[in-house]
There are 2 protein chains.
Amino acid sequence: MNAPDTLAREKFADLLALTREPFPASRKAYIPGQLHPELRVPVRDIALTNGETVSVYDTSGPYTDATAVIDVRKGLPSVRSAWIEGRGDVEHYQGRPPVALDDGQKSDDAARLAALRAEAAALQRQPLRAKSGANVTQMHYAKKGIITPEMEFVAIRENGKREWMAQYQQDAAREQRLMGNPLGASIPKIITPEFVRDEVARGRAIIPANINHPEVEPMAIGRNFLVKINANIGNSAVTSSIEEEVEKLVWSIRWGADNVMDLSTGKNIHTTRDWIVRNSPVPIGTVPIYQALEKVGGIAEDLTWEIFRDTLVEQAEQGVDYFTIHAGIRLAYIHLTANRRTGIVSRGGSIMAKWCMAHHRESFLYEHFEDICDIMKQYDVAFSLGDGLRPGCASDANDEAQFAELHTLGELTQVAWKHDVQTMIEGPGHVPMHMIQANMTEQLKTCHEAPFYTLGPLTIDIAPGYDHIASAIGAAMIGWMGTAMLCYVTPKEHLGLPDRDDVKQGIIAYKIAAHAADVAKGHPGARARDDALSQARFDFRWQDQFNLGLDPETAKEYHDETLPKDAAKVAHFCSMCGPKFCSMKITQEVRDFAAQKGLAEAQALEQGLHAKAEEFQQGGGSLYVPIKRVD
Amino acid sequence: MNAPDTLAREKFADLLALTREPFPASRKAYIPGQLHPELRVPVRDIALTNGETVSVYDTSGPYTDATAVIDVRKGLPSVRSAWIEGRGDVEHYQGRPPVALDDGQKSDDAARLAALRAEAAALQRQPLRAKSGANVTQMHYAKKGIITPEMEFVAIRENGKREWMAQYQQDAAREQRLMGNPLGASIPKIITPEFVRDEVARGRAIIPANINHPEVEPMAIGRNFLVKINANIGNSAVTSSIEEEVEKLVWSIRWGADNVMDLSTGKNIHTTRDWIVRNSPVPIGTVPIYQALEKVGGIAEDLTWEIFRDTLVEQAEQGVDYFTIHAGIRLAYIHLTANRRTGIVSRGGSIMAKWCMAHHRESFLYEHFEDICDIMKQYDVAFSLGDGLRPGCASDANDEAQFAELHTLGELTQVAWKHDVQTMIEGPGHVPMHMIQANMTEQLKTCHEAPFYTLGPLTIDIAPGYDHIASAIGAAMIGWMGTAMLCYVTPKEHLGLPDRDDVKQGIIAYKIAAHAADVAKGHPGARARDDALSQARFDFRWQDQFNLGLDPETAKEYHDETLPKDAAKVAHFCSMCGPKFCSMKITQEVRDFAAQKGLAEAQALEQGLHAKAEEFQQGGGSLYVPIKRVD
């Protein structure tokens, strides 16, 4: 191992140590289950300076638990193992024998690769699969009426600790005024385990949780739950260490990624995936065709069903929770894209288009769809049915090609459900604001309310460098309208590969979009955090305002740029109006005024003034005094 | 003058030189008038590498005209003087005698202030006003059926050069599919000068253009025009030079601010304003009560109508184009805010609330509203009727206080219109997505379609440090629904004072929101730029993609981080998929495929496959082959 490598390792080890720091004033807490008392559902409790505690949804896993001992070479604790094995329908087996090609044709030399693999030898697990004839999907249990620990976990997680919210929800008139508009969603006040089961059974939600990913903290993707976000990561050209790859994951979930997709296409792809899955408390998704393509040296037409199938099994055994599979792009749809402004922009979509054209035959993904289902249900891998024909610009939005594929995805959803395989549907992409609703409506109708998982959508095309913003607008809207999970877009979209800060910028923009959607839908647990933050702002509890925000560090840093002193963080003013005059200070005087006068007098006053105003209006401006000229 | 001062001056002189650089591949061009042939309506022509020219709306004024000679100590050329004087209804007069207090009680010492004033002595103009009995507002002319040069200027500016768009609008089916949803707006295909006149006459649009601001390039604010954005600037604690103040303005309009509000509250406020207005090609707005408050040493209850009135005249003579006046916050409404979570957050609103409470009487702004109109119409200053009771958090959105004031603003609009004074209405602030439409509907109804000018709105409260994004979501939506101008929000909102980069971030976020709204409304000139950019992206014309974006520098910089070499800017691939495999490259193969096969064959193929698929579905999955187990 050469010197720069060691350097990189140290640098990333440092970063990892850094991102393990709990958020300011925050402490990890766990809520136990009732049906399944052994559950430990994580939340982040934020201690405010006024003695209150605000408890929020927490995607960051054990990494922000100060008491957790973590060794990335061993992986996270297997919280789900007992549940999975307790169901009695799985078996350990030797698994598919690994081959050199699993790490691609571009892998490091054998010695280096062996070293990389050895580095995390303790991560190897003997895979599980369903016993012969068994089906181990959450959907299968749900349809049989079984409430799994995963379902109760999700219910508790969606509710969080609601007790602290009560004080922000006391005013009935205000609650009435602010009542959300669910636009067809049916979000109960409290999510019960039975509600989760029912949503999973009818296919309106999924819980991605491969039986070979026991480290996962279960979460739900469905329109009647909190809107989730996904971040994409991929391996670097030069993979230097396990710490570096795990750090990308930890960084993403720290800022709020509910799911992470590993879109690696480079070297050592199998080994890297081992590292990621074993250290991930969130579901991991992949696009298996990317790895399959690596195995055939990047030549799309050389792909075969056998190679693809083998790759699915390989990844299912590793514990990938959902697969993007572009089975809806059929030979007959390809010509529909010929007159598009930007043709086919999905990488998976173009691989399959190229294959279909080269062989002049129907997609093997479509033809083998039931074979694929048969693999998925042995591991509980969920489908993320890919939209290979999604528009690549506003001008191609909602066109014939896009909707033809969506229609096929709806058909395939029903095939998947026949096998009790959990399924979500991927969506665009690029859609101007006024066409977003049509998109959502079409998806709900065509795909039978299977969860929608959209990329953005970007509302305009002229913002390269700022596409996280152009797309957060569309994401917030489609989230309100019914999308269950939003795939983030970073500032580097269309331009290059995101770095650490770009990933954070993308995630924060999407947490904003998801939360805006939750508030608009009227999710009963969403708005209280806004209220707590606004109350802190009004009370000049600056630290609380920072700590309740999505990014406490940046908020504090911005504040300190103008008023750096500690005194300013307890000062009853801010940099906008200065100490002498402060609009929030005046409001206290308004309250004193209203209290002093009494409401009765204030109302009488109001009536009197209304009368006066009417008189004024009717008199055509009796108060008018001709202006005195000033020359 | 001490050394650091000189340093600062040099630094900002450098910055100003920098922001005078035209955008890459861009050239300022001017379109002449037809009714008024002397008009020179600015556009920015972007030369693409394929020989096309894309022409876009340009707010940056003469600063980006490589041929313009600019001296900030003399001010910009007075493009409107001949039009204003040619109408024969104005007179020069000596003007209100300046007093020391105009620069506030906190001004620099007399010697320093004298030096600052002397620095730009050439900026002084003898003010104009309407001749006795005359009314010089654009609305007055419009109602009389006169199409002023300002109106024709606006018409030409809104249309821009449409010729280049034709190639992007040839496909009738595509245009039909993408047709906007105007949600009640009535945007004609081509804006005629007569249409502008009519919109101004009925109060649905304003052209802020004080007769004492002849430097302005006229623009319109109205829902049937392009959505505009406003940026706020304010003087620094230490005003070092005229260059520094002008630089803030130039920086804002460079990135696309259509209007700039000078919210200075510090030292030398009058002198700074002279510098800004004389060097501004965009309308300048102010909140006169801020300066009036400075004159009474910051004690709200010491404000009087006389001091306020004098301040209006002072600023009208300087050439301010619109005044935010919080005349809708009445004594009787104040107690309605007592139970709010964050009370009164508008600075102007709280000043007036404090005044009303202290004196226990009706607001002098409300009582003297017709007096104010009388001043406005002598100079053509437009009203921006302030929303002093706007919500300061989501929880206070659309409440009784907010709508009570909005109702009064509607009454006052009619009073203003009686005097032919141009009027727009300021709006919130903080509104969750699902309550935005109600807000817009109420404003349109209550205020008789007078242009709405909203701050955001912010859709959530938990994003301090990212409120430009949280509010861009709301801004895009309300812009689509009918708001005419969006007041930007920077990342520092709620935390501190924006620096140069924050201003840019805020403006870009709002250009995105405004453009997204224009596209959604179906503005006939909006979408072509997106198409041109997407076409460039598809054709791998990287430089064109950067140059057509809102921020070419950042786009190029991001691209170069991953692929720095010049060769990469002409390469037919990007960093996402690499040279070997590229989805866009494949699309060309699709086109060849579609062309080769011929549409007829493709259609036959499609039908054949449909039949096959049906057979497949009906057969319940006849292609199903039991999976071979791999243990």
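Criteria and thresholds
Residues numbered from 1 in each chain as written. Chains lettered and ligands numbered in written order. Predicted model: local features only at pLDDT ≥ 70, side-chain atom pairs only at ≥ 80, totals over all residues. Heavy atoms only, no water. UniProt positions renumbered as here; feature names shortened; annotations may be inferred. Helix = DSSP H or I, 4+ residues; strand = E, 2+ residues; numbered from the N terminus. Least-squares fit on C-alpha atoms with pLDDT ≥ 70 in both. Contact = heavy atoms within 4.5 Å. Pairing = 2+ DSSP bridges. Axes fitted to C-alpha atoms, helices over the stretch in contact; angles between N-to-C directions. pLDDT = per-residue confidence, 0-100. Buried area = accessible area lost by both parts, 1.4 Å probe. Salt bridge = Lys/Arg side-chain N within 4 Å of Asp/Glu carboxyl O. Parallel < 35°, antiparallel > 145°, perpendicular 65-115°, else oblique. Nonpolar A, V, L, I, M, F, W, Y, C, P; charged D, E, K, R; others polar. Buried < 20%, exposed > 50% of the residue type's maximum accessible area, 1.4 Å probe, protein only. Lys, Arg positive; Asp, Glu negative; His and termini not counted.

### Digging into the UniProt feature "domain: ThiC-associated" (unreviewed entry) in chain A
The sites that UniProt annotates as "domain: ThiC-associated" (unreviewed entry) are residues 22-91 of chain A. The straight-line gap between the two end C-alpha atoms of residues 22-91 of chain A is 38 Å; of that span, 9% is helix and 31% is strand.

### Details of the relation of the copies chain A and chain B
If you rotate chain A by 180° and push it 0.0 Å along the axis, it lands on chain B with an RMSD of 0.0 Å. As the rotation angle and translation indicate, the two copies are arranged about a two-fold axis. Nearest to the rotation axis, the C-alpha of Ile473(A) is located 2.3 Å from it, this being the minimum over chain A. Here 100% of the interface residues in chain A have copies in chain B that are interface residues too; the copies meet face to matching face.

### Side note on the sheet that holds strand S15 (residues 485-487) of chain B
Residues and elements named next belong to chain B. With respect to topology, eight strands assemble into a closed barrel ordered S8-S9-S10-S11-S12-S13-S14-S15, the strand pairing being parallel. Direction aside, neighbouring strands of the sheet carry axes that sit 25° apart on average. The sheet strands contacting helix H9 (residues 269-278) are strand S8 (228-233), strand S9 (259-262) and strand S10 (284-286), and the helix crosses S10 at an angle near 155°. Lying on the sheet, helix H19 (residues 500-521) is in contact with S8 and S15; it crosses S8 at an angle near 165°.

### Some remarks on the confidence of the model for chain A
Residues and elements named next belong to chain A. Mean pLDDT over chain A works out to 89, with 87% of the residues at or above the 70 mark. In the model, residues 1-7 has pLDDT below 50 throughout and makes four contacts with residues more than four positions away in sequence or in other chains. Here residues 608-631 is modelled with pLDDT under 50, and outside its nearest four sequence neighbours on either side it reaches 40 contacts, counting other chains as well. Across the whole predicted complex the pTM is 0.93, and at the interface the ipTM reaches 0.92.

### Focus: the interface of chain A and chain B
At the interface, 157 residues of chain A touch 158 residues of chain B. Buried area between chain A and chain B, both sides added, is near 13600 Å², and the carbon and sulfur share of it is 63%. Considering only the side of chain A, the residues that lose the most area to chain B are Arg341(A), Ile462(A) and Tyr466(A), jointly responsible for 6% of the buried surface there. Counting every contact that joins chain A to chain B gives six salt bridges.

### Digging into the packing of helix H16 (residues 400-418) of chain B against helix H17 (residues 436-446) of chain B
Each pair of packed helices can be summarised by the angle the axes make with each other and by the distance between the axes. Residues and elements named next belong to chain B. Look at H16 against H17: their axes get within 9 Å of each other, and the N-to-C directions meet at 30°. It follows that H16 is roughly parallel to H17 by the angle criterion. Contacts between H16 and H17 involve Gln-402, Phe-403, Leu-406, His-407 and Gly-410 on the former and, on the latter, Asn-439, Glu-442, Gln-443 and Thr-446. In terms of residue class, the contact of H16 with H17 is made up of two nonpolar, six polar and one charged.

### Remarks on the side chain of Arg44(A)
Residue and element names in this part refer to chain A. Positionally, Arg-44 belongs in strand S2 (residues 40-47). Look at Arg-44: it is buried, it has no salt bridge, and the nearest opposite charge is Asp-58 at 5.2 Å. Once residues lying within four places of it in the same chain are set aside, the contact partners of Arg-44 are Phe-23, Ser-26, Arg-27, Val-54, Ser-55, Val-56, Asp-58, Arg-529 and Asn-547.

### Notes on unusual backbone geometry
Across the junction of Pro428(A) and Gly429(A), the peptide omega takes the value 5°, indicating a cis bond. Here Gly429(A) lies in the loop between strand S13 (423-427) and helix H17 (436-446). Residue Gly456(B) is joined to Pro457(B) through a cis peptide bond whose omega torsion reads 10°. The topology assignment puts Pro457(B) in the loop between strand S14 (452-455) and helix H18 (467-481). Unusually for a residue other than glycine, His360(B) sits at a positive phi of about 45°. Even without being a glycine, Glu449(B) presents a positive backbone phi close to 70°.

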